[in-house]
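What the coordinates show
Chain by chain, the residues run as shown.
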Amino acid sequence: MFKTLRDAFKVPDLRKKIIYTMLMFFAIRIGAHIRIPLINPEVVQQMFNQADDSGLFQMFNAFSGGAFKDMTLFAMGITPYITSSIIMNLLTIAVPKLEEMQKEGEEGRKKIAKLTRYGTIILALLQSIAISIGLGRTLFYDYNIISVIIAVTAMTAGTAFLMWVGEQITVKGVGNGISLIIFINIISRLPYGTQSLYEYATDANKLIPVIILLIIYVLMVAFVVLIQLGERRIPVQYAKRMQGRKVYGGQSTHIPLKVNMAGVIPVIFASSLLQFPGTITRFFGEPEGFWASVINFLNITNWSGAILYFVLILFFAYFYTSIIFNPIEVANNMKKNGGFVPGIRPGKPTIDYMTNVLNKIVLIGALALALIALLPVILSKAFAMNVTFGGTSLIIVVGVALETIKQIESQMVMRHYKGFLNA
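Quick caveat: nothing in here was measured; it's all calculated off a predicted structure.

Another point: helix α17 (residues 348-383). Taking 1.5 Å as the rise per residue, α17 with 36 residues should run 52 Å; its terminal C-alpha atoms sit 52 Å apart, in good agreement. The axis of α17 is deflected most strongly, by about 35 degrees, at L374, and proline P376 appears within four residues downstream. Trailing α17 by a residue or two, A384 shows a phi angle of about 55 degrees, which is positive.

Moving on, we come to the nonpolar core. If you look at the biggest cluster of nonpolar residues, it comprises 53 residues, and the most contacted ones within it are F63, I78, I182, V267, Y309, I313 and I396. Top contributing element to this core by residue count: helix α10 (residues 177-187), with seven residues. When neighbours within four sequence positions are excluded, F63 is seen to be in contact with T79, I182, N185, I186, I268, T392 and I396. Formed by 19 residues, the second largest nonpolar core is a distinct cluster that contains I227, V341, M354 and L358.

Where helix α8 (residues 106-135) contacts helix α9 (residues 145-172), the axes come no closer than 9 Å and their chain directions differ by 145 degrees. For α8 against α9, the interelement crossing comes out right-handed. Of the residues in α9, those in contact with R117, T120, I121, A124, L125, S128, I129 and S132 of α8 are V148, A151, V152, M155, T156, T159, A160, M163 and E167. Here the contact of α8 with α9 is composed, by residue class, of 10 nonpolar, five polar and two charged.

All right, on to the pattern of salt bridges then. Per the stated rule, a full pass over the model turns up three salt bridges. The closest approach of N and O atoms between R117 and E167, which form a salt bridge, is 2.6 Å. Of this pair, R117 sits in helix α8 while E167 is found in helix α9, placing the two residues 50 residues apart along the sequence. For E167, a relative accessible area of 22% corresponds to the partly exposed category. A salt bridge links E231 to R233; the shortest N-O distance between them is 2.7 Å.

If you trace the three strands from one edge of the open sheet to the other, you get β4-β1-β5, paired in antiparallel fashion. Only two strands of the sheet have a single partner each, and these edge strands are β4 (252-258) and β5 (339-340). Sheet analysis places strand β1 (residues 231-238) next to β5, joined by two bridges and oriented antiparallel. Paired with Y238 across the strands is G339, a residue of β5.

Looking now at the packing of aromatic side chains. Taken as a whole, this structure holds five aromatic pairs when the rule is applied. Summarising the aromatic geometry, the rings of F74 and F161 are spaced 5.8 Å apart at their centres and angled 10 degrees between planes, so their arrangement reads as stacked. Of this pair, F74 sits in the loop between α5 (67-70) and α6 (79-94) while F161 is found in helix α9, placing the two residues 87 residues apart along the sequence. Residue class for F74 comes out buried when judged on its relative accessible area of 5%. For the ring pair F315 and F316, a centre distance of 5.2 Å and an interplane angle of 65 degrees mean the geometry is edge-to-face. Taking the relative accessible area as the measure of exposure, F315 reaches 48% and is therefore partly exposed.

Let us now look at the side chain of T92. In this structure, T92 sits in helix α6. Every residue in contact with T92, bar those within four places of it in the chain, is listed here: L98, E99, Q102 and I112.

Attention now moves to empty space enclosed by the protein. Per the counting criterion, the structure on display carries two cavities of 30 Å³ or more. Of the volumes computed, that of the largest cavity is approximately 50 Å³. No other element matches α17, which puts four residues into the lining of the largest cavity. In the lining of the largest cavity, the residues fall into seven nonpolar, three polar and no charged.

Calculation notes
Here, residues in each chain are numbered from 1, in the same order as that chain's written sequence. For a predicted model such as this one, the threshold for reporting local features is a pLDDT of at least 70, and the threshold for listing and counting side-chain atom pairs is 80 or more; totals across whole chains, interfaces and linings nevertheless cover every residue. With hydrogens and water stripped out, all remaining heavy atoms of the structure feed into the side-chain values. A run of H or I in DSSP counts as a helix once it spans at least four residues, and a run of E counts as a strand once it spans at least two, with each numbered from the N terminus. Expected helix span is taken as 1.5 Å per residue step, with the number of steps being one fewer than the number of residues. Each residue is assigned a bend, namely the angle between axes fitted to the seven residues that terminate at it and the seven residues that start at it. Definition of nonpolar core: a set of buried residues of the types Ala, Val, Leu, Ile, Met, Phe, Trp, Tyr and Cys, connected through side-chain atoms within 4.5 Å. Only protein chains enter the accessibility calculation, which uses a 1.4 Å probe. A residue is then buried if its area is under 20% of the maximum for its type, exposed if over 50%, and partly exposed in between. Every residue pair with non-hydrogen atoms within 4.5 Å of one another is taken to be in contact. For helices, the axis comes from a line fit to the C-alpha atoms of the stretch in contact; other axes are also lines fit to C-alpha atoms, and the angle between any two N-to-C directions lies between 0 and 180 degrees. In this scheme, a crossing is called left-handed if the near helix is turned counterclockwise away from the far one by less than a right angle; it is called right-handed if the turn is clockwise. In this classification, the charged set is Asp, Glu, Lys and Arg, the nonpolar set is Ala, Val, Leu, Ile, Met, Phe, Trp, Tyr, Cys and Pro, and all remaining amino acids, among them Gly, are polar. The rule for a salt bridge is simple: a side-chain nitrogen of Lys or Arg has to be within 4 Å of a carboxyl oxygen of Asp or Glu. DSSP bridges decide pairing: two strands pair if at least two such bridges lie between them. Each Phe, Tyr or Trp ring, with Trp reduced to its six-membered ring, pairs with another whose centre is within 6.5 Å; inter-plane angles below 30 degrees give stacked pairs, above 60 give edge-to-face pairs, and intermediate values give tilted ones. Both cavities and pockets are sets of points on a 1 Å grid over the protein atoms alone; in a cavity a 1.4 Å probe fits but cannot get out, in a pocket the set is open with protein on both sides within 12 Å along at least five of seven lines, and lining residues sit with an atom within 4 Å of a point. Grid points are joined across faces, edges and corners, and a volume is the space filled by probe spheres set on the points.

Now the structure itself:
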């Protein structure tokens, strides 16, 4: 990875893109330290101290790089954009008009991107209003309509700015801008996690658990890399066909099915669904009676919540994979172009074969995701330590790093071939 970055800096175009990306990172981290006027950040910090470390608050705070806990301009982070993108992906399946738009090519994607932006602003506006009004008098030094409008405007504008920065990084920088914003925000919390581990390590009784914990995390990183890069390649053969005097087809290729096709989406969906009731409840005080037992049942740190979390990750892995990959559509496209899987008849047998392979791969990927997501919670309980760097963050950081390095390498290869052809 470091060799790739070193070689990339030798290429003028790539060097400019990397420097531009770094400058955008700098702007993001500056905005994450500019506090919203008239807000008392101590109130939110008290809520964090009372909430458990695996809650929805902690996930929001990780994705915003600590901006949510400090109530700064980027408190909402890029989460509304992620939510809007997921909603648009789901709507393209349910709404025929959007499905047609998606098939229009570049123009259709631009229209969907525009709708996603509008959805992001609406969601950011609603979430900022909910936070401002939900926390009410305790959040502001002087609670009135002016202070609420200022807070809502600042948080919504912060999300809009981050969305613009993400798109600019994608166009003028390297990698996917939105993913890189989440990446740099998560990475920015590492010093705090390192400090916590150092404090634990100074205690002679916890030195051995800290060493074991570090070894486990290194193994987890290697495992995540293995899962992210793992794929099952279905061989495809295209029959030769005559068009006029020319012969087309006859080549062999493959369909790559990634082991972790759904990415981190199942983990985010599952954790959000489990933590949502408890998060909303905390806006109105501590739960009591039956509702308190429900919140306790859904807590991921308990066995009941952990088992439910595991099941939900499996469900969302299958659900989201069925949205982004359709075996029927792939098999029909292969048949139209004269393609077939060796040893499998075109049509329904090919669909059944691909569905069977896909189900097995999704199961492996989902089990791996569930293990990575739950392992930090298990380690926290086993060693009686606060493990701040969760499995979701680990999957995102490793996945984005791998994808960005791939893009840099592909641009270097493209430039190499251009130079060869121009020589």
